[in-house]
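Now for the letters of each chain:
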Amino acid sequence: MKTMTSSLQQIMASTGNGLDYDKEQELKTFDDTKAGVKGLVDSGIQSVPKFFVASSEETCNEKSDLRHTHFNVPIIDLRDIDKDGARCEIVKEIGIASSTWGFFQVVNHDIPQDITDEVIESIRRFNEQPNHVKEKFYSRDKMKKVRFNSNFDLYKARFANWRDTLSCLMAPNPPPPEEYPEACREILLKFSKYVTKLGQDLFKLLSEALGLNSNHLTNMGCADGHVFYCHYYPACPERNLTLGHTKHRDPDFLTILLQNQIGGLQVLHDNHWVNIPPVEGALVVNVGELLQVISNDKFKAAEHRVLANCAGPRLSVACFFTTHFEPSEKLFSPIEELLSDDSPPLYRGTTVKGYIDFFASAGLPAYSSLTRLRL
(Lines give C-alpha, C1' and ligand atoms only; values in the text may rest on other atoms or scores of the structure.)
Protein backbone atom coordinates (compact mmCIF):
# COMPACT_ATOMS: atom_id res chain seq x y z
CA MET A 1 0.00 0.00 0.00
CA LYS A 2 1.33 3.40 -0.96
CA THR A 3 2.32 5.79 1.77
CA MET A 4 1.07 9.37 1.71
CA THR A 5 4.60 10.56 0.90
CA SER A 6 4.97 8.28 -2.12
CA SER A 7 1.53 9.28 -3.39
CA LEU A 8 2.38 12.97 -3.13
CA GLN A 9 5.70 12.31 -4.89
CA GLN A 10 3.78 10.63 -7.71
CA ILE A 11 1.54 13.69 -8.10
CA MET A 12 4.55 16.01 -8.04
CA ALA A 13 6.37 13.91 -10.64
CA SER A 14 3.40 14.03 -13.03
CA THR A 15 2.71 17.75 -12.59
CA GLY A 16 4.73 18.90 -15.56
CA ASN A 17 4.41 15.70 -17.58
CA GLY A 18 1.76 15.69 -20.29
CA LEU A 19 2.56 12.13 -21.37
CA ASP A 20 0.21 9.33 -20.40
CA TYR A 21 -1.79 11.65 -18.14
CA ASP A 22 -4.64 9.82 -16.42
CA LYS A 23 -6.83 12.37 -14.67
CA GLU A 24 -9.02 9.85 -12.87
CA GLN A 25 -5.99 8.07 -11.47
CA GLU A 26 -4.38 11.33 -10.40
CA LEU A 27 -7.56 12.39 -8.62
CA LYS A 28 -7.77 9.07 -6.81
CA THR A 29 -4.10 9.24 -5.83
CA PHE A 30 -4.65 12.74 -4.44
CA ASP A 31 -7.87 11.78 -2.67
CA ASP A 32 -6.36 8.68 -1.11
CA THR A 33 -3.69 10.73 0.68
CA LYS A 34 -6.49 12.33 2.74
CA ALA A 35 -4.08 15.24 3.10
CA GLY A 36 -5.86 17.72 0.84
CA VAL A 37 -4.27 20.70 -0.89
CA LYS A 38 -2.31 21.49 2.26
CA GLY A 39 -0.63 18.11 1.94
CA LEU A 40 0.56 19.07 -1.54
CA VAL A 41 1.91 22.39 -0.29
CA ASP A 42 3.63 20.75 2.68
CA SER A 43 5.30 18.28 0.31
CA GLY A 44 7.11 21.18 -1.34
CA ILE A 45 5.21 21.24 -4.62
CA GLN A 46 6.28 24.15 -6.86
CA SER A 47 3.77 23.70 -9.69
CA VAL A 48 0.01 23.26 -9.72
CA PRO A 49 -0.96 19.65 -10.61
CA LYS A 50 -2.74 19.39 -13.94
CA PHE A 51 -6.12 18.48 -12.46
CA PHE A 52 -6.22 21.86 -10.69
CA VAL A 53 -5.56 23.86 -13.86
CA ALA A 54 -8.60 25.83 -15.01
CA SER A 55 -9.34 27.22 -18.44
CA SER A 56 -8.25 30.79 -19.11
CA GLU A 57 -11.96 31.67 -19.34
CA GLU A 58 -12.46 30.57 -15.73
CA THR A 59 -9.43 32.32 -14.27
CA CYS A 60 -9.22 35.45 -16.40
CA ASN A 61 -9.87 38.83 -14.83
CA GLU A 62 -11.12 40.54 -17.97
CA LYS A 63 -14.40 41.21 -16.18
CA SER A 64 -12.57 42.50 -13.14
CA ASP A 65 -12.39 46.20 -12.51
CA LEU A 66 -10.78 46.07 -9.13
CA ARG A 67 -9.68 49.71 -9.17
CA HIS A 68 -13.08 50.99 -10.23
CA THR A 69 -14.31 52.95 -7.20
CA HIS A 70 -17.86 53.03 -8.53
CA PHE A 71 -18.39 49.44 -7.38
CA ASN A 72 -18.44 48.83 -3.63
CA VAL A 73 -20.33 46.05 -1.88
CA PRO A 74 -22.72 47.75 0.60
CA ILE A 75 -21.68 47.83 4.27
CA ILE A 76 -24.70 47.98 6.59
CA ASP A 77 -24.47 49.06 10.23
CA LEU A 78 -26.80 47.05 12.50
CA ARG A 79 -26.03 49.10 15.62
CA ASP A 80 -29.50 50.65 15.99
CA ILE A 81 -31.50 47.69 14.71
CA ASP A 82 -34.03 48.00 17.59
CA LYS A 83 -34.70 51.72 17.10
CA ASP A 84 -37.72 52.31 14.86
CA GLY A 85 -36.32 55.09 12.70
CA ALA A 86 -32.94 53.47 12.21
CA ARG A 87 -34.52 50.05 11.63
CA CYS A 88 -36.56 51.39 8.71
CA GLU A 89 -33.36 52.65 7.09
CA ILE A 90 -31.58 49.33 7.75
CA VAL A 91 -34.49 47.41 6.20
CA LYS A 92 -34.34 49.68 3.15
CA GLU A 93 -30.57 49.20 2.77
CA ILE A 94 -30.83 45.43 3.10
CA GLY A 95 -33.68 45.31 0.59
CA ILE A 96 -31.71 47.30 -1.98
CA ALA A 97 -28.52 45.29 -1.44
CA SER A 98 -30.38 41.96 -1.67
CA SER A 99 -32.18 42.90 -4.88
CA THR A 100 -29.24 44.50 -6.69
CA TRP A 101 -26.04 42.94 -5.35
CA GLY A 102 -27.18 39.78 -3.56
CA PHE A 103 -24.30 40.60 -1.18
CA PHE A 104 -23.60 43.01 1.65
CA GLN A 105 -21.39 43.25 4.72
CA VAL A 106 -22.69 43.88 8.23
CA VAL A 107 -20.94 45.62 11.10
CA ASN A 108 -22.01 46.02 14.74
CA HIS A 109 -23.69 42.62 14.54
CA ASP A 110 -23.14 41.80 18.25
CA ILE A 111 -20.76 38.88 17.69
CA PRO A 112 -17.69 39.77 19.77
CA GLN A 113 -14.38 40.17 17.97
CA ASP A 114 -12.64 37.74 20.30
CA ILE A 115 -15.15 35.08 19.30
CA THR A 116 -14.64 35.57 15.54
CA ASP A 117 -10.87 35.74 15.99
CA GLU A 118 -10.86 32.44 17.89
CA VAL A 119 -13.08 30.80 15.24
CA ILE A 120 -10.56 31.70 12.54
CA GLU A 121 -7.66 30.55 14.69
CA SER A 122 -9.41 27.24 15.42
CA ILE A 123 -9.81 26.51 11.70
CA ARG A 124 -6.13 27.22 11.21
CA ARG A 125 -5.38 24.94 14.16
CA PHE A 126 -7.45 22.08 12.75
CA ASN A 127 -5.87 22.25 9.30
CA GLU A 128 -2.32 22.59 10.57
CA GLN A 129 -2.47 19.47 12.73
CA PRO A 130 -0.56 16.36 11.66
CA ASN A 131 -2.40 14.57 8.89
CA HIS A 132 -2.99 11.42 10.95
CA VAL A 133 -5.28 13.52 13.18
CA LYS A 134 -7.22 15.19 10.35
CA GLU A 135 -7.64 12.09 8.24
CA LYS A 136 -9.97 10.57 10.86
CA PHE A 137 -12.57 13.07 9.64
CA TYR A 138 -11.89 12.60 5.92
CA SER A 139 -14.99 11.43 4.06
CA ARG A 140 -16.99 11.82 0.85
CA ASP A 141 -20.27 10.80 2.49
CA LYS A 142 -22.36 13.94 1.91
CA MET A 143 -24.75 13.04 4.74
CA LYS A 144 -21.99 12.68 7.33
CA LYS A 145 -22.58 15.46 9.85
CA VAL A 146 -18.88 16.21 10.40
CA ARG A 147 -16.46 15.61 7.55
CA PHE A 148 -13.21 16.87 6.11
CA ASN A 149 -12.20 16.68 2.46
CA SER A 150 -10.80 18.60 -0.47
CA ASN A 151 -13.40 19.58 -3.10
CA PHE A 152 -16.82 18.03 -2.50
CA ASP A 153 -17.13 17.59 -6.30
CA LEU A 154 -13.56 16.40 -6.91
CA TYR A 155 -14.56 13.67 -9.38
CA LYS A 156 -17.22 15.73 -11.21
CA ALA A 157 -15.73 19.21 -11.60
CA ARG A 158 -13.83 20.25 -14.72
CA PHE A 159 -10.93 21.24 -12.47
CA ALA A 160 -10.21 21.00 -8.75
CA ASN A 161 -10.11 24.07 -6.50
CA TRP A 162 -7.16 25.06 -4.31
CA ARG A 163 -9.11 24.50 -1.09
CA ASP A 164 -9.71 22.07 1.78
CA THR A 165 -12.96 22.08 3.77
CA LEU A 166 -14.23 20.96 7.16
CA SER A 167 -18.05 20.69 7.18
CA CYS A 168 -19.98 20.69 10.46
CA LEU A 169 -23.74 20.39 10.86
CA MET A 170 -24.73 22.65 13.75
CA ALA A 171 -28.56 22.56 13.69
CA PRO A 172 -31.03 20.97 13.80
CA ASN A 173 -30.16 17.57 15.26
CA PRO A 174 -26.40 18.11 15.48
CA PRO A 175 -24.08 15.21 16.28
CA PRO A 176 -22.84 14.67 19.84
CA PRO A 177 -20.26 17.37 20.72
CA GLU A 178 -17.43 14.86 20.86
CA GLU A 179 -17.83 14.20 17.12
CA TYR A 180 -16.58 17.70 16.28
CA PRO A 181 -12.78 18.02 16.01
CA GLU A 182 -11.20 18.88 19.33
CA ALA A 183 -9.20 21.69 17.70
CA CYS A 184 -12.34 23.73 17.04
CA ARG A 185 -15.15 22.03 18.95
CA GLU A 186 -15.75 24.48 21.78
CA ILE A 187 -15.54 27.68 19.75
CA LEU A 188 -17.71 26.41 16.88
CA LEU A 189 -20.46 25.47 19.33
CA LYS A 190 -20.23 28.92 20.87
CA PHE A 191 -20.11 30.68 17.49
CA SER A 192 -23.17 28.69 16.37
CA LYS A 193 -25.29 30.30 19.10
CA TYR A 194 -24.25 33.79 18.03
CA VAL A 195 -24.82 33.07 14.33
CA THR A 196 -28.25 31.59 15.05
CA LYS A 197 -29.31 34.87 16.66
CA LEU A 198 -27.83 36.98 13.87
CA GLY A 199 -29.49 34.79 11.24
CA GLN A 200 -32.88 35.19 12.90
CA ASP A 201 -32.40 38.97 13.00
CA LEU A 202 -31.42 39.07 9.33
CA PHE A 203 -34.40 36.95 8.26
CA LYS A 204 -36.67 39.38 10.10
CA LEU A 205 -35.10 42.34 8.30
CA LEU A 206 -35.35 40.53 4.97
CA SER A 207 -39.02 39.73 5.65
CA GLU A 208 -39.73 43.38 6.33
CA ALA A 209 -37.82 44.37 3.19
CA LEU A 210 -40.24 42.16 1.23
CA GLY A 211 -43.19 43.93 2.84
CA LEU A 212 -44.06 40.89 4.95
CA ASN A 213 -44.53 40.32 8.66
CA SER A 214 -41.11 40.27 10.32
CA ASN A 215 -41.48 36.59 11.31
CA HIS A 216 -42.57 35.38 7.87
CA LEU A 217 -39.28 33.82 6.70
CA THR A 218 -38.48 32.29 10.09
CA ASN A 219 -42.01 30.87 10.28
CA MET A 220 -41.40 29.25 6.90
CA GLY A 221 -38.38 27.46 8.37
CA CYS A 222 -35.60 29.41 6.67
CA ALA A 223 -33.64 29.72 9.93
CA ASP A 224 -34.31 26.19 11.21
CA GLY A 225 -30.89 24.79 10.38
CA HIS A 226 -27.33 25.76 9.57
CA VAL A 227 -24.07 24.14 8.52
CA PHE A 228 -20.53 25.52 8.84
CA TYR A 229 -18.24 25.12 5.84
CA CYS A 230 -14.78 25.92 7.16
CA HIS A 231 -12.42 26.61 4.26
CA TYR A 232 -8.63 26.56 4.24
CA TYR A 233 -6.99 28.03 1.11
CA PRO A 234 -3.20 27.45 1.19
CA ALA A 235 -0.81 29.77 -0.61
CA CYS A 236 -0.67 28.75 -4.27
CA PRO A 237 2.60 28.59 -6.24
CA GLU A 238 0.84 29.41 -9.54
CA ARG A 239 -2.17 31.48 -8.54
CA ASN A 240 -3.14 32.40 -12.10
CA LEU A 241 -3.67 28.78 -13.14
CA THR A 242 -6.44 27.82 -10.74
CA LEU A 243 -9.07 29.17 -8.34
CA GLY A 244 -9.70 28.88 -4.63
CA HIS A 245 -13.40 28.44 -5.34
CA THR A 246 -15.06 28.23 -8.73
CA LYS A 247 -17.81 30.72 -9.53
CA HIS A 248 -21.14 29.60 -8.09
CA ARG A 249 -24.28 30.66 -6.26
CA ASP A 250 -25.01 29.25 -2.81
CA PRO A 251 -27.77 26.58 -2.73
CA ASP A 252 -29.26 27.74 0.60
CA PHE A 253 -31.51 30.46 1.99
CA LEU A 254 -28.80 32.75 3.34
CA THR A 255 -25.04 32.64 3.94
CA ILE A 256 -23.10 34.48 6.66
CA LEU A 257 -19.37 34.43 5.99
CA LEU A 258 -16.51 35.08 8.38
CA GLN A 259 -13.15 35.60 6.63
CA ASN A 260 -9.63 36.42 7.73
CA GLN A 261 -7.65 39.34 6.35
CA ILE A 262 -6.40 37.60 3.20
CA GLY A 263 -8.72 38.59 0.38
CA GLY A 264 -9.76 36.83 -2.81
CA LEU A 265 -13.57 36.80 -2.53
CA GLN A 266 -15.26 38.40 -5.54
CA VAL A 267 -18.88 38.89 -6.59
CA LEU A 268 -20.11 39.31 -10.16
CA HIS A 269 -21.95 42.63 -10.36
CA ASP A 270 -22.95 44.45 -13.54
CA ASN A 271 -20.69 42.08 -15.48
CA HIS A 272 -17.66 42.98 -13.37
CA TRP A 273 -15.86 40.84 -10.82
CA VAL A 274 -15.75 43.06 -7.75
CA ASN A 275 -13.54 42.45 -4.73
CA ILE A 276 -15.18 42.02 -1.34
CA PRO A 277 -12.22 43.09 0.79
CA PRO A 278 -12.02 41.93 4.40
CA VAL A 279 -13.29 44.64 6.76
CA GLU A 280 -12.22 44.40 10.38
CA GLY A 281 -15.20 43.30 12.47
CA ALA A 282 -17.50 42.75 9.46
CA LEU A 283 -19.33 39.64 8.27
CA VAL A 284 -20.30 39.05 4.65
CA VAL A 285 -23.95 38.14 3.98
CA ASN A 286 -25.30 36.82 0.70
CA VAL A 287 -28.64 35.70 -0.68
CA GLY A 288 -28.93 31.99 -1.46
CA GLU A 289 -30.76 30.46 -4.40
CA LEU A 290 -33.60 29.16 -2.21
CA LEU A 291 -34.28 32.70 -0.99
CA GLN A 292 -34.34 33.86 -4.60
CA VAL A 293 -36.95 31.17 -5.32
CA ILE A 294 -39.29 32.01 -2.44
CA SER A 295 -38.91 35.77 -2.99
CA ASN A 296 -39.84 35.20 -6.64
CA ASP A 297 -36.72 37.05 -7.82
CA LYS A 298 -37.26 40.02 -5.52
CA PHE A 299 -33.89 39.05 -4.03
CA LYS A 300 -31.09 37.75 -6.22
CA ALA A 301 -28.43 35.14 -5.53
CA ALA A 302 -25.23 36.40 -7.15
CA GLU A 303 -22.37 34.44 -8.65
CA HIS A 304 -19.19 34.68 -6.63
CA ARG A 305 -15.77 33.07 -6.52
CA VAL A 306 -12.50 33.02 -4.59
CA LEU A 307 -9.19 33.67 -6.33
CA ALA A 308 -6.13 31.62 -5.51
CA ASN A 309 -3.51 33.66 -3.71
CA CYS A 310 0.27 33.59 -3.44
CA ALA A 311 -0.15 34.53 0.23
CA GLY A 312 -1.91 32.33 2.68
CA PRO A 313 -3.62 30.64 4.13
CA ARG A 314 -6.92 32.35 3.47
CA LEU A 315 -9.38 31.14 6.13
CA SER A 316 -13.14 31.45 6.12
CA VAL A 317 -16.24 29.98 7.74
CA ALA A 318 -19.40 30.05 5.65
CA CYS A 319 -22.60 29.50 7.62
CA PHE A 320 -25.26 28.10 5.27
CA PHE A 321 -28.83 28.41 6.53
CA THR A 322 -30.26 25.15 5.21
CA THR A 323 -32.01 22.02 6.44
CA HIS A 324 -30.84 19.56 3.78
CA PHE A 325 -29.86 16.96 6.39
CA GLU A 326 -33.53 16.67 7.39
CA PRO A 327 -35.74 14.15 5.50
CA SER A 328 -38.57 16.61 4.88
CA GLU A 329 -40.94 16.67 1.91
CA LYS A 330 -41.88 20.30 2.57
CA LEU A 331 -41.93 22.29 -0.67
CA PHE A 332 -40.54 25.81 -0.91
CA SER A 333 -42.05 27.90 -3.67
CA PRO A 334 -42.68 31.62 -4.30
CA ILE A 335 -44.41 33.26 -1.33
CA GLU A 336 -48.10 33.75 -2.08
CA GLU A 337 -48.19 37.29 -0.67
CA LEU A 338 -45.58 38.35 -3.25
CA LEU A 339 -47.61 37.11 -6.23
CA SER A 340 -50.14 38.94 -8.38
CA ASP A 341 -51.37 39.09 -11.96
CA ASP A 342 -48.43 41.33 -12.72
CA SER A 343 -46.03 39.15 -10.73
CA PRO A 344 -46.85 35.48 -11.39
CA PRO A 345 -44.77 32.66 -9.87
CA LEU A 346 -41.44 32.21 -11.64
CA TYR A 347 -40.46 28.89 -10.06
CA ARG A 348 -41.95 25.52 -9.22
CA GLY A 349 -41.57 24.26 -5.65
CA THR A 350 -38.64 22.22 -4.37
CA THR A 351 -37.59 20.46 -1.20
CA VAL A 352 -34.38 21.69 0.41
CA LYS A 353 -32.75 18.26 0.23
CA GLY A 354 -33.77 17.77 -3.39
CA TYR A 355 -32.27 21.10 -4.31
CA ILE A 356 -28.98 20.40 -2.54
CA ASP A 357 -28.77 16.88 -3.99
CA PHE A 358 -29.04 18.29 -7.51
CA PHE A 359 -26.41 20.94 -6.76
CA ALA A 360 -24.02 18.32 -5.37
CA SER A 361 -24.55 15.91 -8.26
CA ALA A 362 -23.90 18.59 -10.87
CA GLY A 363 -20.59 19.74 -9.39
CA LEU A 364 -18.85 23.06 -9.94
CA PRO A 365 -18.87 24.91 -12.23
CA ALA A 366 -22.35 24.06 -13.45
CA TYR A 367 -25.38 25.95 -14.58
CA SER A 368 -27.50 27.32 -11.80
CA SER A 369 -29.87 24.83 -10.17
CA LEU A 370 -32.47 27.59 -10.50
CA THR A 371 -32.70 26.86 -14.22
CA ARG A 372 -34.48 23.55 -13.74
CA LEU A 373 -37.10 25.16 -11.47
CA ARG A 374 -37.88 28.09 -13.75
CA LEU A 375 -41.45 28.06 -15.07
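Predicted model, so just to flag it, every value in this text is computed and none were measured.

1. Comments concerning the packing of helix α5 (residues 84-100) against helix α8 (residues 185-209)
Here is step 1 of the chain: Axis separation between α5 and α8 bottoms out at 8 Å; the angle between their running directions is 80°. The pairing of α5 with α8 is recorded here as roughly perpendicular in orientation. Of the residues in α8, those touching α5 at Arg87, Ile90, Val91, Ile94, Gly95 and Ser98 are Leu202, Lys204, Leu205, Leu206, Glu208 and Ala209.
Here is step 2 of the chain: Looking at the contact of α5 with α8 residue by residue, the classes come out as seven nonpolar, two polar and three charged.

2. Points about the environment of Ala282
Here is step 1 of the chain: Structurally, Ala282 is set in the loop between β9 (272-275) and β10 (283-287).
Here is step 2 of the chain: For Ala282, a relative accessible area of 10% gives the class buried.
Here is step 3 of the chain: Expressed as a C-alpha distance, the spacing of Ala282 and Ile111, which sit 171 residues apart in the sequence, is 9.7 Å.

3. Thoughts on the sheet that holds strand β12 (residues 314-321)
Remark on secondary structure: sheet strands pair via backbone hydrogen bonds, oriented parallel or antiparallel.
Here is step 1 of the chain: Pairing is mixed in the open sheet, where eight strands are placed in the order β1-β2-β10-β7-β12-β5-β4-β3. Only two strands of the sheet have a single partner each, and these edge strands are β1 (75-77) and β3 (146-149). Going from strand to strand, the sheet's axes swing by 25° on average, the running direction of each strand aside.
Here is step 2 of the chain: Across four bridges, the pairing between strand β2 (residues 103-107) and β10 is antiparallel. By the bridge assignment, Phe104 is partnered in β10 with Val285.
Here is step 3 of the chain: Across the sheet, α5 is in contact with β1, β2 and β10; its angle to β1 comes to roughly 160°.

4. Here's the deal with the sheet that holds strand β6 (residues 243-248)
Here is step 1 of the chain: Reading across the sheet, the four strands line up as β6-β11-β8-β9 and stay open at both edges, with antiparallel pairing between neighbours. The two strands at the open ends of the sheet, each matched to only one other strand, are β6 and β9. Between one strand axis and the next, the sheet turns by 30° as a mean value, whatever way the strands run.
Here is step 2 of the chain: Note that strand β8 (residues 265-269) and β9 share four bridges and pair antiparallel. Within the sheet, the bridge partner assigned to His269 lies in β9 and is His272.

5. Regarding the pattern of salt bridges
Here is step 1 of the chain: Under the criterion given, the structure shown has 13 salt bridges.
Here is step 2 of the chain: In this structure, Asp32 engages Lys28 in a salt bridge whose closest nitrogen and oxygen atoms are separated by 2.7 Å. Here Asp32 and its partner Lys28 are both found in helix α2 (residues 23-33), four residues apart, which amounts to about one turn of the helix.
Here is step 3 of the chain: Accessibility expressed as a relative area gives 41% for Lys28, which makes it partly exposed.
Here is step 4 of the chain: A salt bridge links Asp31 to Arg140; its shortest N-O distance comes to 3.0 Å. Within this pair, whereas Asp31 is found in helix α2, its partner Arg140 is found in the loop between α7 (131-134) and β3, the two being separated by 109 residues in sequence.

6. A look at the packing of aromatic side chains
Here is step 1 of the chain: Applying the stated rule across the entire model yields eleven aromatic pairs.
Here is step 2 of the chain: On the basis of an interplanar angle of 50° and a centroid distance of 5.5 Å, the ring pair of Phe30 and Phe51 is categorised as tilted. With Phe30 in helix α2 and Phe51 in the loop between α3 (36-42) and α4 (56-59), this pair connects stretches of sequence that are 21 residues apart.
Here is step 3 of the chain: Judged by centre distance (5.7 Å) and plane angle (85°), the ring pair of Phe30 and Phe52 falls under edge-to-face. With Phe30 in helix α2 and Phe52 in the loop between α3 and α4, this residue pair connects regions lying 22 residues apart in the sequence.
Here is step 4 of the chain: The class for Phe30 is buried, based on a relative accessible area of 0%.

7. A few points about empty space enclosed by the protein
Here is step 1 of the chain: Within this structure, the stated rule accounts for two cavities of 30 Å³ or more.
Here is step 2 of the chain: Taken as a whole, the largest cavity holds about 40 Å³ of empty space.
Here is step 3 of the chain: Surrounding the largest cavity, Trp162, Tyr233, Pro234, Gly244, Gly263, Leu307, Ala308, Asn309, Ala311 and Arg314 form its lining.
Here is step 4 of the chain: Across the lining of the largest cavity, the residue classes break down as six nonpolar, three polar and one charged.
Here is step 5 of the chain: Volume-wise, the second largest cavity comes out at about 30 Å³.
Here is step 6 of the chain: If you go around the second largest cavity, the residues you meet are Leu169, Ala171, Pro172, Val227, Thr322, Thr323, His324, Phe325 and Glu326.
Here is step 7 of the chain: Here the residues of the lining of the second largest cavity are counted per class, giving five nonpolar, three polar and one charged.

Cut-offs and rules
- Residues numbered from 1 in each chain as written.
- Predicted model: local features only at pLDDT ≥ 70, side-chain atom pairs only at ≥ 80, totals over all residues.
- Heavy atoms only, no water.
- Axes fitted to C-alpha atoms, helices over the stretch in contact; angles between N-to-C directions.
- Helix = DSSP H or I, 4+ residues; strand = E, 2+ residues; numbered from the N terminus.
- Parallel < 35°, antiparallel > 145°, perpendicular 65-115°, else oblique.
- Contact = heavy atoms within 4.5 Å.
- Nonpolar A, V, L, I, M, F, W, Y, C, P; charged D, E, K, R; others polar.
- Buried < 20%, exposed > 50% of the residue type's maximum accessible area, 1.4 Å probe, protein only.
- Pairing = 2+ DSSP bridges.
- Salt bridge = Lys/Arg side-chain N within 4 Å of Asp/Glu carboxyl O.
- Phe/Tyr/Trp six-rings, centres within 6.5 Å; stacked < 30°, edge-to-face > 60°.
- 1 Å grid on protein atoms, 1.4 Å probe; cavity = no way out; pocket = protein on both sides within 12 Å on 5 of 7 lines; lining within 4 Å.
- Points joined across faces, edges and corners; volume = space filled by probe spheres on them.

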